[in-house]
Amino acid sequence: MNRDLFIYNANVITMDPLLPRARSLVVSNGRVLAVGTDEEMHGLATPSALRINANGMTVLPGLQDTHLHLQDSGYYNATMADLTCAKTLDDLKNILRAHARKHPDGWVFGVGWYSGIFSEDNLHGTALDDAASGRPCLIYASDFHSACLNSAACQAVGLVEGVSPPLNGRFVTYADGRPTGMVHEDAVTWVRERMPPLTDSDYSRGVLFGQQHANQNGLTGVIDASVGERHCRVYRKMASEGALTVRVAGCAKVDPGD
C-alpha cells in the first residue's frame with residue numbers, strides 16, 4: 001500500500017470546470033482522494049501522511065505522452081554517445097572518440113545527430129573511421145529515420161556495392177555505386193537485423209532510463225508508438241515485478257505484409 005500524501009498551500013489545477021483550482025489535495029493508496037481548501041484536506045489526511053508545503057507552486061495532473069519509444073530509444077540513449085550537441089563534423093567525431101575511450105570493446109554507437117545539420121551531403125561513413133579507431137561505428141539520427149555507418153560497420157553488416165535496399169528503405173551511394181554509409185527509413189531496420197542481437201535485459205535497462213527521464217518531467221503515462229512481441233514481453237515482466245513507474249500503453253506496428 002502506498003503512503004498517503006497531503007499537499008497544501010498549492011495552486012492545484014484540477015481540470016474540473018466546476019472547481020478549476022484548489023489549495024490542497026489528498027492522495028490515498030495511490031489515488032487522489034479529494035481536492036479543496038487547506039482546512040478541508042487537513043481533516044482528510046491521515047496522521048501518517050507525507051505532508052508537503054507547496055509554497056504556492058502549481059500542481060498539475062500527470063502528463064501523458066502520446067508518441068514515444070520508451071523501450072527502444074531508452075536503451076539507445078542510456079548506452080550510446082549523445083550527439084545532440086554536435087553542430088559540426090568535428091564536434092560529432094570528438095564526442096564519438098570520447099565515448100570510444102570509455103567503452104573500449106565492440107561497436108561504437110552514437111545517437112541524436114540532427115538531420116537539419118547533418119545529411120547525406122555532408123556526412124559519410126568514412127568520416128567516422130578514425131573516430132572509432134577502426135572499430136565498427138553506427139550513429140542514429142535524432143528521429144531514428146536515418147543512420148550512418150563507418151567502413152568497418154558496412155563490412156560487418158554486408159552493406160556493400162550491389163546490395164539492394166529493402167522496401168521503403170534507401171542506401172545512399174556514391175556515383176560509382178559504393179555505399180556512403182548513410183541509410184534511411186527501413187534500411188535502418190535492415191542494418192539492425194544484421195548486428196549483434198540485444199537481450200530483454202538490455203531493453204529493460206532502456207525502460208528504466210526512459211521512465212526516469214519521463215518521471216523527472218512530469219510524465220505519468222506514455223504510449224509506445226511501435227510495439228511488437230518483444231516490447232510486450234519486456235513491459236509485462238517489468239509490470240509483474242513492480243518495476244514500472246509510468247503507465248504504458250502500446251500501438252501495434254502494422255506492416256504492408258500484415
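Preceding this paragraph is the structure being described.
Residues numbered from 1 in each chain as written. Predicted model: local features only at pLDDT ≥ 70, side-chain atom pairs only at ≥ 80, totals over all residues. Heavy atoms only, no water.

What to know about the pattern of salt bridges
Filter applied, for reference: Think of a salt bridge as a Lys or Arg side-chain nitrogen and an Asp or Glu carboxyl oxygen that are within 4 Å of each other. Helix numbering and strand numbering both begin at the N terminus, where a helix is a DSSP run of H or I of at least 4 residues and a strand a DSSP run of E of at least 2.
On inspection of all chains with the given rule, the structure shows 10 salt bridges. R194 is the salt-bridge partner of E193, the closest N and O atoms lying 3.9 Å from each other. With its nearest N and O atoms 2.6 Å apart, the salt bridge here joins D200 to R233. Taken together, the positions of D200 in helix α6 (residues 200–216) and R233 in helix α7 (residues 229–240) put the pair 33 residues apart, joining distant regions of the chain. The network of salt bridges with shared partners includes K93, R97 and D130.

Brief notes about the side chain of T79
The condition that has to hold: Here a residue-residue contact requires only that any non-hydrogen atoms of the pair lie within 4.5 Å.
If you trace the backbone, T79 turns up in helix α2 (residues 70–79). With sequence-adjacent residues up to four places away left out, T79 is seen in contact with H99 and R205.

Quick word on the sheet that holds strand β2 (residues 11–13)
Backbone hydrogen bonds hold the strands of a sheet together, and the pairing may be parallel or antiparallel. Using the following cut-off: Pairing between strands is defined by DSSP: at least two bridges between the two strands are required.
Pairing is mixed in the open sheet, where three strands are placed in the order β3-β2-β7. In this open sheet, the two strands that pair with only one neighbour each are β3 (21–22) and β7 (58–59). By the bridge criterion, two bridges tie β2 to β3 in an arrangement that is antiparallel. When the bridges of β3 are listed, V12 appears paired with A22.

Considering the pairing of strand β4 (residues 24–28)
Rules: Buried means the residue's accessible area, taken with a 1.4 Å probe over protein chains only, is under 20% of the maximum for its type, while exposed means over 50%, and partly exposed covers the values in between.
With respect to burial, β4 is a largely interior element, four of its five residues being buried. By the bridge criterion, three bridges tie strand β1 (residues 5–8) to β4 in an arrangement that is antiparallel. Note that in β4 the partner of L5 across the bridge is V27. Strand direction decides the pairing type here: β4 and strand β5 (residues 31–36), joined by five bridges, are antiparallel. Paired with S28 across the strands is R31, a residue of β5. Between β4 and β5, which follow one another and run antiparallel, lie two residues, and N29 among them has a positive phi close to 55 degrees.

A short note on the nonpolar core
So the rule is basically this: Nonpolar cores were defined as sets of buried Ala, Val, Leu, Ile, Met, Phe, Trp, Tyr and Cys residues, with membership established by side-chain atoms within 4.5 Å.
Counting 31 residues, the largest nonpolar core has L138, Y140, L149, V157, L159, V183 and V191 as its most contacted members. Elements supplying a minimum of two residues to this core: α2, β11 (137–141), β12 (146–149), α4 (151–157), α5 (186–192), α6, β15 (219–227) and α7. With four residues, α5 is the largest single contributor of residues to this core. Not counting residues up to four positions away in its chain, the partners in contact with V157 are W107, L149, W190, V191, R194 and M195. Counting 19 residues, the second largest nonpolar core, distinct from the first, contains L83, L92, A100 and C137.

Observations regarding α7
Short version of the rule: In this scheme, a helix's expected span is set at 1.5 Å multiplied by one less than its residue total. This arc is taken over the directions from the axis of the helix to the C-beta atoms.
The end-to-end C-alpha distance of α7, which contains 12 residues, comes to 16 Å, matching closely the 16 Å that a straight helix rising 1.5 Å per residue would cover. Residues of α7 that are buried include every one of R230, H231, V234, Y235 and M238, and no others. The buried residues of α7 occupy one face: seen down the axis, they fall within an arc of 125 degrees. Facing away from the buried side of α7, by more than 90 degrees, are the exposed residues E229, R236 and S240. In this structure, the buried residues of α7 make contact with α2, α6, β15 and β16 (247–252).

Details of the side chain of S24
What counts is decided by this rule: For this analysis, a polar contact is any N or O atom pair within 3.5 Å, provided that within protein one partner can donate a hydrogen and the other can accept it, and provided that sequence-adjacent residues contribute only side-chain to side-chain pairs.
By the secondary structure assignment, S24 is in strand β4. S24 sits in the buried class, given a relative accessible area of 0%. Within the local environment of S24, its side chain forms a polar contact with the side chain of D38, the two groups lying 2.2 Å apart. S24 has contacts with F6, I7, Y8, N9, V12, A34, V35, G36, T37, D38 and M41, leaving out every residue within four places of it along the chain.

Quick look at the packing of α2 against α6
The description of two helices packed together rests on the angle between their axes and the distance between the axes. Applied cut-off: Simply put, an axis is a line fit to the C-alpha atoms, just over the touching stretch for a helix, and the angle between two N-to-C directions goes from 0 to 180 degrees. Note on angle classes: values under 35 degrees are labelled roughly parallel, values over 145 roughly antiparallel, values of 65 to 115 roughly perpendicular, and the remainder oblique. Here the term charged refers only to Asp, Glu, Lys and Arg, the term nonpolar to Ala, Val, Leu, Ile, Met, Phe, Trp, Tyr, Cys and Pro, and the term polar to all other amino acids, Gly among them.
Where α2 contacts α6, the axes come no closer than 7 Å and their chain directions differ by 85 degrees. One finds that α2 runs roughly perpendicular with respect to α6. Contact residues: α2 offers L70, Q71, D72, G74, Y75, N77, A78 and T79, while α6 offers D202, Y203, R205, G206, V207, F209, G210 and Q211. When the residues that make up the contact of α2 with α6 are grouped by side-chain class, the tally is six nonpolar, seven polar and three charged.

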